[in-house]
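# Coordinate inspection notes
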Amino acid sequence: MKPAVLLPAVRAITGAGANWPESWQAVLAGRRRFTLPDSILPWLPPSLPVAAIADETWPGGPPPLTQRLSVLATMLAESLAGELRHILAQCPDARVSIVISTSHGESGAITEAVDAEWDGRAVAPDVWLSLLTERCAAAVAVRLDRVVAASCVSAACASGLVALGYARDLVEAGLCDVCLVIGADALSRVAFVGFRQVGATSKAGCRPFHQDRDGTTVAEGGAALLLVTAAVASRLDAGVSAGSEHVRVLGSATNCDARHVVEPTSAGITDAVRAALDEARVRPEEVSAVYWHGTGTRQNDEAEAAAAGDIFGVCPPGTSTKGVFGHAMGASAVLNLLAARETLRCGLLPPTAMLDAPAFPHLNIVAGQPALVPRGPVLVVALGFGGINSAVVLGHCLDTAS
Amino acid sequence: MSGSGSGRVITLTRPIGIVAIGALFPPDTEPAVVRPGAPIERASGPLGDVSEWREGLRKRSQVPRARSGAFATVSAAVLGRSLLGVARTPDGCTAIGVAMASMSSTIGVAHRYESTGRHESWSVVDPFGFSNSLPSAIAAQMALTLGLRAFAVTFVGDLFAFFGALTFSALNLARAGQRCALVIGADEVTHVQRAALAGAGLDVASAAEREGASGLLLSSDSAAQAEWKLTVLGCGAADDPATCLPPDWRDVPVDWIASNGGLPPLRSATPAIVLARALAQGPARILVGVRDPLLGWWVCGCSRDE
């Protein structure tokens, strides 16, 4: 079985942009838009900046907190519906799966239940139901054709890469021909307070890998991509050109430190990266660029820097997109996959925003301007609470239409 | 691979052994764990108050900071330990994955967290409340408790989620270096789930029966000597899955866990029980599935070594 192919059609909605091109340009420019969340999240402690999706990005205005995630996931899916229809027209026998990656789901429903209790209001039946049944993947599934399976996967902030690994397995095993992967999380009170409570939130906005980094910036956002079999990719190419260069998932690995609830270990990260590189049959020195998890917390960045030293010795150019996107949790790794795909396409690795005093010189983090990186596989790393480590290797593959 | 109908069914090129099946439901304090082929019986009769049962399990579960987390973590960890005890994995191997299915288990944690913050102060909320409110916390805490270092992932949902977790595990075992995987569905019914059931107009009276955990230990290691193997996996959109099955499976009836009436919530712990029953009653091949008019169907097929 040839490795699954990541199609060029991707979508994203972030605090930095209403779509993927805008978001990518923002990352390249190190341009961020952090705001205070008070108008979105009621009854918060004194606020710290977040990366929120702009009000005008939501068609018809921002959705209620109880539906923010489902609306976001549905918007992303519907924006790819045209591409899916095209694929199904070209490949009438194709079957579609959906894998949604989310760190904590539609948690606005809990906020509404708690606030209604406090205010003496009734909670709408639909809100209660959303706490008892998985609505996000189902909401996306019913809007698309020929969906054979819809799953919602949670592996904390590593969810996006775990979802991609699962999607890759579904495609390569033959359980579907096309898999729509959506990573999404909405702002929530529990996440905002939770990150703050463990001292992981930045006061002025996150600065990954900076000497004076003081935490991450909680964010919301979503990103979507289509993974297909080599056969579907070739069929889609057939009418366009005789041969086409595809971005493929060369390797994927996930493990668990089984050590601490919120502290990562460099050994766990190292093992996950090495397993993904082994599967991809890529040597560390062949990696052209790395999208680190790079949350901007003291512990995360330190653990990744230690792992990088063990894995690479001399590190390839690396970056973190969270200085611009903030930490969009279940969406963060999917956003990095989209960015990695751009790096493979155009050779540019975006700078890490606000990085004027790097804490880990050996890590070779790009600062200031985008860097031109050599052609070669790109590594994406994601870490999640509970000691979950995940790594994915994306690479080029020149295929003939056969 | 078969795919002539609306769905896809694959025959695993490397069949995965079902080493053990188990369940833990109140009022039992010890999990019932069997080798496939033996049924698992649930205790019958009224359950009453499960708080003592919970407290006893919590104390001996060894789940770190168990009070901060969902109780489903405790029941799943106690069950997981028993499942692993049935088949000693080769040479102390920790390359064991955990794939959970659970929907609402963490809403009690999130509710407590937000209620404390809103009613008292955000400065006194449980510092582990947020991490434990993530659905993945159940799988990650199990991995931490049992020292398992392969994947740890939670499929959010009920019956469909269990089949997702099963498929995730089987494909991982077939591809990667992991030797074993725990696939567990767990639910809990606290006052928050009860309020949600009542608020959504659903049956509250039988809610307590839905608390508990059940699951499987899968192995890709031939040394595990599992008599029954997970052989076939499939999913589809609509109509009859029989058209998608490999020809030699088409005469095997599907034991449907739920079908055509919408999926009842808090049923994550049901599929493994149904699977155990089917394996106990089945001749050499069985098919178990779940289907929904909107979401389609999943099936898994198991075969016994002749």
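In this report, the structure presented in the accompanying data block is examined. (Residues numbered from 1 in each chain as written. Chains lettered and ligands numbered in written order. Predicted model: local features only at pLDDT ≥ 70, side-chain atom pairs only at ≥ 80, totals over all residues. Heavy atoms only, no water.)

Of the regular secondary structure elements, chain B holds 8 helices and 10 strands. A compact globule built from 306 residues should have a C-alpha radius of gyration of about 19 Å, and chain B, at 19 Å, falls within 12% of that. Considered along the principal axes of its C-alpha atoms, chain B spans approximately 65 × 50 × 35 Å. Looking at chain B residue by residue over its 306 residues, the buried ones come to 64%. Restricting the contact set of chain B to residue pairs at least 6 apart, pairs at least 24 apart contribute 77%. Surface accessibility of chain B: about 10,400 Å² in total, with carbon and sulfur atoms responsible for 51%. (Helix = DSSP H or I, 4+ residues; strand = E, 2+ residues; numbered from the N terminus. Rg over C-alpha atoms; globule rule 2.2 N^0.38 Å. Buried < 20%, exposed > 50% of the residue type's maximum accessible area, 1.4 Å probe, protein only. Contact = heavy atoms within 4.5 Å. Areas by Shrake-Rupley, 256 points an atom, 1.4 Å probe, with all protein chains shown as cover.)

We now examine the pairing of strand β10 (residues 296-304) of chain B. Residue and element names in this part refer to chain B. Of all 9 residues in β10, 8 are buried, a share of seventy percent or more. Bridge count for strand β7 (residues 228-236) against β10 is 8 bridges, and the pairing is antiparallel. Bridge pairing in β10 links tryptophan 228 to arginine 304. By the bridge criterion, 8 bridges tie strand β9 (residues 285-292) to β10 in an arrangement that is antiparallel. Residue pairing for β10: aspartate 292 is matched across the bridge by glycine 296. A loop of 3 residues connects β9 with β10, the two strands running antiparallel in sequence. (Pairing = 2+ DSSP bridges.)

Next up on the list: the environment of Val19(B). With respect to the secondary-structure elements, Val19(B) resides in strand β1 (residues 8-24). In the structure, Val19(B) is positioned 44 residues away from Val63(B) in sequence and 24 Å away in space, judged by C-alpha atoms.

A separate point is helix α3 (residues 107-119) of chain B. Look at α3(B): 17 Å from first C-alpha to last across 13 residues, which is about the 18 Å you get at 1.5 Å a residue. Burial within α3(B) is extensive, with 11 of its 13 residues counted as buried. Within the span of α3(B), buried status applies to Ile107(B), Gly108(B), Val109(B), Ala110(B), His111(B), Tyr113(B), Glu114(B), Ser115(B), Thr116(B), Gly117(B) and Arg118(B). For α3(B), the secondary structure elements touched by its buried residues are α4 (108-119), α5 (125-132) and α8 (189-197) of chain A together with α4 (129-133) and α7 (191-199) of chain B. (Expected span 1.5 Å × (residues − 1).)

Here we take up the interface of chain A and chain B. With 68 residues of chain A at the interface, the matching set in chain B holds 70 residues. Buried surface at the junction of chain A and chain B, both sides included, amounts to about 5,600 Å², of which 66% is carbon and sulfur. Summed over the shared surface of chain A and chain B, the number is 6 salt bridges. Among the ionic pairs, Glu114(B) bridges to Arg189(A), the shortest N-O distance being 2.6 Å. Mapped onto the side of chain A that touches chain B, the elements with two or more residues apiece are α4, α5, α6 (136-141), β3 (147-154), α7 (159-173), α8 and β6 (243-256) of chain A. (Buried area = accessible area lost by both parts, 1.4 Å probe. Salt bridge = Lys/Arg side-chain N within 4 Å of Asp/Glu carboxyl O.)

What follows covers the packing of aromatic side chains. Aromatic ring pairs: the centre-centre distance and the angle between the two ring planes describe each pair. By the definition in use, this model includes 13 aromatic pairs over all chains. An aromatic cluster of at least three residues, connected via ring pairs, comprises Tyr166(A), Phe151(B), Phe155(B) and Phe168(B). One cation-aromatic arrangement involves Arg54(B) over Phe71(B); the distance from NZ or CZ to the ring centre is 5.5 Å. Above the face of the Phe128(B) ring, Arg65(B) is positioned so that its terminal group lies 4.0 Å from the ring centre. (Phe/Tyr/Trp six-rings, centres within 6.5 Å; stacked < 30°, edge-to-face > 60°. Lys NZ or Arg CZ within 6 Å of the ring centre and 35° of its normal.)

To continue, consider the state of the cysteines. Residue and element names in this part refer to chain A. Inspection of the entire model under this criterion finds 0 disulfides over all chains. Left without a disulfide partner, cysteine 91 is nearest to the cysteine sulfur of cysteine 176, which lies 13 Å away. Relative accessible area serves as the criterion here: at 4%, cysteine 91 is assigned to the buried category. There is no disulfide at cysteine 152, and the cysteine sulfur nearest it, in cysteine 136, is 5.7 Å away. (Disulfide = S-S within 2.5 Å.)

Quick look at the pattern of salt bridges now. Counted by the stated rule, this structure contains 29 salt bridges over all chains. For Arg121(A), the salt bridge is made with Asp119(A), and the minimal N-O distance between the two is 3.5 Å. Between Arg277(B) and Asp255(B) there is a salt bridge, and its shortest N-O distance comes to 3.7 Å. Residue Arg277(B) is found in helix α8 (residues 271-281), and its partner Asp255(B) is found in strand β8 (residues 254-256); the two are separated by 22 residues along the sequence. Judged by relative accessible area, Arg277(B) falls into the partly exposed class, the value being 37%. The exposure class assigned to Asp255(B) is partly exposed, which follows from its relative accessible area of 24%.

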